[in-house]
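Secondary and tertiary structure notes
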Amino acid sequence: MGSEGSISLPVIDFSFSELRPGSPPWDLVKSQVGKAAAEYGCFQALFNKIPQDLRNAMNGAMEEMLQLPLETKRRNVSEKPYHGYLGPTSARSSLFESLGIVEPSIYDMVENFTNVLWPEGNIKISKTVHLFSEPVLELGQMVRRMIVESLGVEKYLDEHINSTYNLLRVAKYEAPQTTEKKTGLMAHTDKNITSILYQNEVDGLEIQTKDGEWIPVKLSPDSFLMIIGESFNAWTNGRLYSPYHRVMLSGSKTRYSAAFFSVPKEGYIIKALEELVDEDHPLLYKPFDYSDYLIAVLQMMGRSNPYLL
Ligand SMILES: O=C(O)CCC(=O)C(=O)O
Ligand SMILES: [Fe+2]
């Protein structure tokens, strides 16, 4: 397919006032979502449910959190990989740093996080993160429901939704001050179910198509990028694509992003749906426990992966 930049990622509009399951706009959007998830494993979602002042507040909150002193950010710890502070190390891009917030739609969970960074509390940040997260996570659930419906496996919808929790990671990518592109985050696939990305108005994300072409993502301020993770690909026996993506940076503007990951709960076994396994679609992956899989991937990638803890 053509030279670089000649194709772009699907853009899907979720800004209908009446986007209820079963309604005509729902069915229309659902067919676009199903197609995009199968062909690209990602799409840009236009979503007008978050007012500009809340987006501005979120941008400010991300900046404030990630500009704290290193020893403060390091207090954001977790025994689970990727759930706590990740900083620049010799094995990772020196431009990247991120903090992890488990279950950001639950106010008390956000407060637990902010209290670690600000022992005296920071209600403004807690409220902003919580308020911002709620509609984003609703968008995520809506997309997952549409995908499950478009594959004709609605009977597993509750199991699918209830088998995950949410993890928010806010990241800072230091401006490289160069005209040529520098790596901010190495190429990788997400291992979880779905990821929804929001950014301050600095682009940098690139997605690889099935043909191997890298497409730079241009996100309008009121849009999000939805990415299918490997676990969703496995659960649907390969019906969905899970694309490689990376962050490439140039110029003098610092990039901040908020990535909302839906992650399989501990102990949940990801097993391809029997309805999606047949002669034309032989079983692709043996059932697996997500936590074991993640640990195996991390071990396999070893030191060569800067994305590693
Ligand atoms: O910051 C971004 O835009 C991408 C983050 C990402 O791909 C990840 O954290 O898995
Ligand atoms: Fe990612």
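For the protein chain, the name recorded in an unreviewed UniProt entry is Fe2OG dioxygenase domain-containing protein, with Hevea brasiliensis as its organism. As its UniProt record puts it under Function (unreviewed entry), the protein chain is described as follows: "Probable 2-oxoglutarate-dependent dioxygenase that may be involved in glucosinolates biosynthesis. May play a role in the production of aliphatic glucosinolates." Looking at the protein chain in UniProt, the text filed under Sequence similarities (unreviewed entry) is "Belongs to the iron/ascorbate-dependent oxidoreductase family."

1. So, the coordination of the iron ion (ligand 2)
At the metal site, the iron ion (ligand 2) is ligated by His-188 (NE2), Asp-190 (OD) and His-245 (NE2), and these contacts range over 2.0 to 2.2 Å. For the iron ion (ligand 2), the single-chain donor residues occur in sequence as H-x1-D-x54-H. One end of the pair, His-188, is in strand E5 (residues 182-188); the other, His-245, is in strand E10 (residues 245-249), and 57 residues separate them in sequence. Residue His-245 is classed as buried on the basis of its relative accessible area of 3%.

2. Topic: the sheet that holds E5
Read from one edge to the other, the open sheet built from four strands follows the order E5-E10-E7-E8, with strand pairing classed as antiparallel. Strand pairing shows two members of the sheet lacking a second neighbour, E5 and strand E8 (214-216), which therefore form its edges. Shown here is a sheet whose adjacent strand axes are inclined to one another by a mean of 25°, direction ignored. With three bridges connecting them, strand E7 (residues 205-208) and E8 associate as antiparallel partners. Considered in E8, the bridge of Glu-206 is made with Pro-216.

3. Looking at the packing of helix H2 (residues 52-66) against helix H5 (residues 123-150)
Contact geometry for H2 and H5: axes closest at 9 Å, N-to-C directions at 125°. The angle between the axes of H2 and H5 places the two elements in the oblique class. For the element pair H2 and H5, the recorded crossing hand is left-handed. Residue-level contacts link Leu-54, Arg-55, Ala-57, Met-58, Ala-61, Glu-64 and Met-65 of H2 to Lys-124, Ile-125, Thr-128, Val-129, Leu-131 and Phe-132 of H5. In the contact of H2 with H5, the residues fall into nine nonpolar, one polar and three charged.

4. Things to note about H5
For H5, spanning 28 residues, the distance from its first C-alpha to its last is 41 Å, which sits close to the expected 40 Å at 1.5 Å a residue. Downstream of H5 by one or two residues, Gly-152 has phi in the positive range, about 70°.

5. Some thoughts on the UniProt feature "domain: Fe2OG dioxygenase" (unreviewed entry) in the protein chain
When the UniProt feature table is mapped to this numbering, "domain: Fe2OG dioxygenase" (unreviewed entry) covers residues 164-264. With 6% helix and 50% strand, the stretch residues 164-264 has end C-alpha atoms that lie 4 Å from each other.

6. Regarding helix H1 (residues 24-39)
Compared with the 22 Å implied by 1.5 Å per residue over 16 residues, the 23 Å span of H1 between its first and last C-alpha is a close match. Here H1 has its buried residues at Pro-25, Trp-26, Val-29, Lys-30, Val-33, Gly-34, Ala-36 and Ala-37. In this fold, the buried residues of H1 make contact with strand E1 (11-13), strand E2 (42-46), H5 and strand E9 (223-228). In the segment just after H1, Gly-41 is the residue with positive phi, at about 70°.

7. Topic: the packing of H1 against H5
Running from amino to carboxyl end, H1 crosses H5 at an angle of 80°, the nearest separation of the two axes being 9 Å. In terms of orientation, H1 and H5 fall into the roughly perpendicular class. Where H1 abuts H5, its residues Trp-26, Val-29, Lys-30, Val-33, Gly-34 and Ala-37 lie against Met-142, Val-143, Arg-145, Met-146, Ile-147, Glu-149 and Ser-150. The class makeup of the residues in the contact of H1 with H5 is eight nonpolar, two polar and three charged.

Parameters at a glance
- The written sequence of each chain sets the order in which its residues are numbered from 1.
- Naming scheme: in the order in which they are written, chains are lettered from A and ligands are numbered from 1.
- Local features in this predicted model are restricted to residues of pLDDT 70 or higher, and side-chain atom pairs are both shown and tallied only at a pLDDT of 80 or more, whereas totals for entire chains, interfaces and linings draw on every residue.
- Note that water and hydrogens are dropped before the side-chain values are worked out from all heavy atoms of the structure.
- UniProt positions are given in the numbering used here, feature names are shortened, and annotations may be inferred rather than shown by experiment.
- For Na, K and Ca the donor cut-off is 3.2 Å, and for all other metals it is 2.8 Å, counting N, O and S atoms only; because water is absent from this set, sites may look incomplete.
- Elements are defined by DSSP. Helices are runs of H or I of four residues or more, strands are runs of E of two residues or more, and each kind is numbered from the N terminus.
- The rule is simple: take the accessible area with a 1.4 Å probe, protein chains only, and divide by the maximum for that residue type; under 20% is buried, over 50% is exposed, in between is partly exposed.
- If DSSP finds at least two bridges between two strands, the strands pair.
- What counts as an axis is a line fitted to C-alpha atoms, over the stretch in contact for a helix, and the angles between N-to-C directions run from 0 to 180 degrees.
- Oblique is the label for every angle not falling under 35 degrees (roughly parallel), over 145 degrees (roughly antiparallel), or within 65 to 115 degrees (roughly perpendicular).
- Each crossing gets its hand from how the near helix is turned against the far one by less than a right angle, where anticlockwise is left-handed and clockwise is right-handed.
- We call two residues contacting when some pair of their heavy atoms lies within 4.5 Å.
- Charged means Asp, Glu, Lys or Arg here, nonpolar means Ala, Val, Leu, Ile, Met, Phe, Trp, Tyr, Cys or Pro, and polar covers whatever is left, Gly included.
- Working rule for helices: expected span equals 1.5 Å times residues minus one.

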